Amino acid sequence: MADLRELYQSVIIDHGKNPRNFHKLGHPSCCAEGYNPLCGDQLKLYLNLENDVVLDACFEGNGCAISQASASLMTEQLKGKTVTEVKELFAKVHLMLTENVTDTESLGKIAVLSGVREFPARVKCATLAWHTLIAALNQQHEPVSTE
Ligand code: ZN
């Protein structure tokens, strides 16, 4: 994918400026907070689940464009997925960001996040939302830190 870098930049700018699902949920089934002290990114993720299926996913936060865009792209993909599917998606994204293994076919739009590997210092910005997601599913109450 020769255009991945260009696509990466335009998607990060777009989602960083206009994050999707950027709001609070009044009565979430679960929520978690994440913090990336290296960059100062923070976010709070809210999930509504019914019978192990994600009905709604949204977040609030502030930080760099990569952290916000990653959370935005992530919440777009979660609706309708089972908890097991969400955990599989996390595993694939984690592998993509940390081990250089990109399953572009099943990751779809999220694959653009692989562009962050060119900036190793920013990888934690991209993984923050995903670690926060797992913390929410595990009903973890202490904030997650990437450090
Ligand atoms: Zn960041």
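So, here is what we can say about the structure in this document.

So, how was this worked out
The numbers attached to residues start from 1 for each chain and follow its sequence in the written order. pLDDT decides what is reported in this predicted model: residues at 70 or higher carry local features, side-chain atom pairs at 80 or more are listed and counted, and totals for whole chains, interfaces and linings draw on all residues regardless. Side-chain metrics in this entry use all non-hydrogen atoms of the structure; hydrogen atoms and water are not considered. To qualify as a helix, a DSSP run of H or I must reach at least 4 residues; to qualify as a strand, a run of E must reach at least 2; elements of each kind are numbered from the N terminus. We take the radius of gyration over the C-alpha atoms and set the globule estimate at 2.2 Å times the residue count to the 0.38 power. Donor selection uses N, O and S atoms within 2.8 Å of the metal (3.2 Å for Na, K and Ca). Since no water is included, sites may look incomplete. Throughout this description, buried means an accessible area under 20% of the type-specific maximum (1.4 Å probe, protein chains only), exposed means over 50%, and partly exposed covers the range between. Think of a salt bridge as a Lys or Arg side-chain nitrogen and an Asp or Glu carboxyl oxygen that are within 4 Å of each other. Lines fitted to the C-alpha atoms define the axes, with helices restricted to the stretch that makes contact. Angles between their N-to-C directions range from 0 to 180 degrees. Our angle categories are set so that under 35 degrees counts as roughly parallel, over 145 as roughly antiparallel, 65 to 115 as roughly perpendicular, and the remainder as oblique. Working rule for contacts: check all heavy atoms of both residues, and any pair within 4.5 Å makes them a contact. Just so you know the grouping, Ala, Val, Leu, Ile, Met, Phe, Trp, Tyr, Cys and Pro go in nonpolar, Asp, Glu, Lys and Arg go in charged, and all remaining residues, Gly too, go in polar. Two N or O atoms form a polar contact when they lie within 3.5 Å of each other; inside protein one atom must be a possible hydrogen donor and the other a possible acceptor, and for residues adjacent in sequence the pair counts only when both atoms belong to side chains. Two strands are counted as paired when DSSP detects at least two bridges linking them.

**Quick look at the overall build of the protein chain**
- In terms of regular secondary structure, the protein chain is built from 5 helices and 4 strands.
- The secondary structure elements of the protein chain, listed N-terminal to C-terminal, are α-β-β-β-α-α-α-α-β.
- For 147 residues, the compact-globule estimate of 2.2 N^0.38 gives 15 Å, and the protein chain sits close to it at 14 Å.
- The dimensions of the protein chain, computed from C-alpha atoms along their principal axes, are 40 × 30 × 25 Å.

**Some words on the coordination of the zinc ion**
- Around the zinc ion, the donor atoms from the protein are C39 (SG), D41 (OD), D41 (OD), C64 (SG) and C125 (SG), and they sit 2.1 to 2.7 Å away.
- Each donor residue of the zinc ion belongs to the same chain, and together they define the spacing C-x1-D-x22-C-x60-C. Of this pair, D41 sits in strand β2 (residues 41–50) while C125 sits in helix α5 (residues 123–137), and the two are 84 residues apart along the sequence. With respect to class, D41 is no different from C125; both count as buried.

**What to know about the pattern of salt bridges**
- Considering all chains together, one arrives at 6 salt bridges under this definition.
- A salt bridge links R20 to E76; its shortest N-O distance comes to 4.0 Å. Taken together, the residues span a long stretch of sequence, with R20 in the loop between α1 (4–17) and β1 (30–36) and E76 in helix α2 (residues 65–78) at a distance of 56 residues.
- By relative accessible area, which is 26% here, R20 ends up partly exposed.

**Topic: the packing of α1 against α2**
- Contact geometry for α1 and α2: axes closest at 8 Å, N-to-C directions at 85 degrees. As the angle between them shows, α1 and α2 are arranged roughly perpendicular. Touching Y8, V11, I12, H15 and G16 of α1 are A65, I66, A69, S72, L73 and E76, all from α2.
- The residue inventory of the contact of α1 with α2, partitioned by class, reads 7 nonpolar, 3 polar and 1 charged.

**Comments concerning the environment of T146**
- Looking at the secondary structure, you find T146 in the segment after β4 (144–145).
- The buried category is assigned to T146, whose relative accessible area is 15%.
- Note: C-alpha distance between T146 and L128 (18 residues apart in sequence) is 6.5 Å.
- Here the side chain of T146 touches N36 through a polar contact of 2.8 Å, side chain to side chain.

**Let's talk about the pairing of strand β3 (residues 53–62)**
- Pairing between β2 and β3: 9 bridges, direction antiparallel. Bridge pairing in β3 links Y46 to C58.
- Linking β2 to β3, which pair antiparallel, is a turn of 2 residues; within it N51 sits at a positive phi near 50 degrees.

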